[in-house]
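Notes for the structure review
Next come the chains, spelled out residue by residue.
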Amino acid sequence: MNYGSEEKLASTFAEELRQRMLGETITLCYQCGTCASSCPVAKITPSFNPREVIKLLLLGEKDEVISGEAIWLCCSCYNCDERCPQKVAIPLAMFALRNIAFKEGYIPDIYSEFASAIYDNGRIVTISKFVEKKRPTLGLPPLQPTGVDAIRKILSATEFDKLQLKKEETS
Ligand code: SF4
Ligand code: SF4
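Residues numbered from 1 in each chain as written. Chains lettered and ligands numbered in written order. Predicted model: local features only at pLDDT ≥ 70, side-chain atom pairs only at ≥ 80, totals over all residues. Heavy atoms only, no water.

For the rest of this paragraph, the subject is the pattern of salt bridges. All chains considered together, the criterion is met by 3 salt bridges. Glu 52 serves as the salt-bridge partner of Arg 51, at 3.3 Å between the closest nitrogen and oxygen. Put simply, Lys 55 and Glu 52 hold a salt bridge, and the shortest N to O gap is 3.1 Å. Here Lys 55 pairs with Glu 52, and both are found in helix 5 (residues 50–58), just 3 residues apart, close to one helical turn. Three or more residues are tied together by salt bridges with common partners; here these are Arg 51, Glu 52 and Lys 55. (Salt bridge = Lys/Arg side-chain N within 4 Å of Asp/Glu carboxyl O. Helix = DSSP H or I, 4+ residues; strand = E, 2+ residues; numbered from the N terminus.)

The next point concerns the packing of aromatic side chains. Here the structure, examined in full by the defined rule, presents 3 aromatic pairs. When the ring of Trp 72 is compared with that of Phe 102, the centres are 6.2 Å apart and the planes differ by 55°; the resulting orientation is tilted. Of this pair, Trp 72 sits in the loop between helix 6 (62–67) and helix 7 (79–83) while Phe 102 is found in helix 8 (residues 90–103), placing the two residues 30 residues apart along the sequence. The exposure class assigned to Trp 72 is buried, which follows from its relative accessible area of 13%. (Phe/Tyr/Trp six-rings, centres within 6.5 Å; stacked < 30°, edge-to-face > 60°. Buried < 20%, exposed > 50% of the residue type's maximum accessible area, 1.4 Å probe, protein only.)

Turning our attention to the site of ligand 2. Residues in close proximity to ligand 2 total 13 residues, the closest being Cys 39, Cys 74, Cys 77, Tyr 78 and Cys 80. Broken down by secondary-structure element, the contributors of at least two residues to the shell around ligand 2 are helix 4 (40–44) and helix 7. Grouping the constituent residues of the shell around ligand 2 by class yields 11 nonpolar, 2 polar and no charged. (Near = heavy atom within 4 Å. Nonpolar A, V, L, I, M, F, W, Y, C, P; charged D, E, K, R; others polar.)

What surrounds ligand 1 is a group of 13 residues, the closest being Cys 29, Cys 32, Gly 33, Cys 35 and Cys 84. Looking at the shell around ligand 1 residue by residue, the classes come out as 8 nonpolar, 4 polar and 1 charged.

Two elements in contact, helix 5 and helix 8, have axes separated by 11 Å at closest approach and are oriented at 60°. What the angle tells us is that helix 5 and helix 8 run oblique. In the crossing of helix 5 with helix 8, the sense of the turn from one axis to the other is left-handed. Along the contact surface, helix 5 presents Pro 50, Val 53 and Leu 57, while helix 8 presents Ile 90, Met 94 and Leu 97. Here the residues of the contact of helix 5 with helix 8 sort into 6 nonpolar, no polar and no charged. (Axes fitted to C-alpha atoms, helices over the stretch in contact; angles between N-to-C directions. Parallel < 35°, antiparallel > 145°, perpendicular 65-115°, else oblique. Left-handed = near helix turned anticlockwise from the far one by under 90°. Contact = heavy atoms within 4.5 Å.)

For the rest of this paragraph, the subject is the packing of helix 9 (residues 109–121) against helix 11 (residues 148–157). For the pair helix 9 and helix 11, the least separation of the axes is 7 Å and the interaxial angle reads 125°. Here helix 9 lies oblique to helix 11, going by the angle between them. Seen from helix 9, the contacting residues are Ile 118, Tyr 119, Asp 120 and Asn 121; seen from helix 11, they are Val 148, Ile 151, Arg 152 and Leu 155. Its residues assigned to classes, the contact of helix 9 with helix 11 shows 5 nonpolar, 1 polar and 2 charged.

Turning to its location among the elements, Cys 84 is positioned in the loop between helix 7 and helix 8. Judged by relative accessible area, which is 11%, Cys 84 ranks as buried. Between the alpha carbons of Cys 84 and Cys 29 there is a distance of 8.7 Å; along the sequence they are 55 residues apart.

Time to look at the side chain of Arg 135. Along the chain, Arg 135 falls in helix 10 (residues 129–137). For the buried Arg 135, no salt bridge is present, and the opposite-charge side chain at shortest range is Glu 132, 7.9 Å distant. For Arg 135, the contacting residues outside a window of four places in its chain are Leu 140, Pro 141, Pro 142 and Leu 143. (Lys, Arg positive; Asp, Glu negative; His and termini not counted.)

Everything listed here is a matter of geometry and, on its own, says nothing about what the molecule does.
See the structure below:
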């Protein structure tokens with residue numbers, strides 16, 4: 001199959017993907033649809049179809065892919081990875097695409113809030129005073145400090161802290 005702008009993909013976006021976890025294997029896809037028919041997410045929502053994501057990539061539609069919600073819907077079950085006759089590393093390509101999307105500021109609010117919470121508190125979920133008080137009544141020990149300073153050092157070393165993250169609503 002000839003996608004016309006395959007060269008564009010090969011020269012730019014594919015190179016970006018190549019640097020990230022086997023993303024370059026998407027160029028092996030011949031659009032058979034085995035991934036889509038094996039995908040549990042595609043079975044329950046028309047918003048996600050792995051074959052369609054790969055097709056858009058092959059067409060060089062990077063912006064459409066990384067700004068859309070589809071790449072966040074893959075649940076990493078690896079069904080497609082097991083069955084793809086061309087050994088396209090679809091779940092790894094999804095991870096790579098999410099990393100690119102994150103870096104370019106296309107961050108779904110929910111993940112942005114999780115990331116901010118980790119940076120601020122060392123936990124994805126902020127523990128309320130109510131929960132802290134409730135734990136002993138359920139026989140649970142007090143929560144230990146999260147070592148947030150060490151977490152921030154790691155986030156800083158990976159430049160994660162430079163991302164524009166959405167702060168959790170605290171009111
Ligand atoms: S199963 Fe593999 S070759 Fe077939 S459409 Fe999906 S990614 Fe492409
Ligand atoms: S790994 Fe993702 S794309 Fe592949 S079958 Fe599972 S949910 Fe679908």
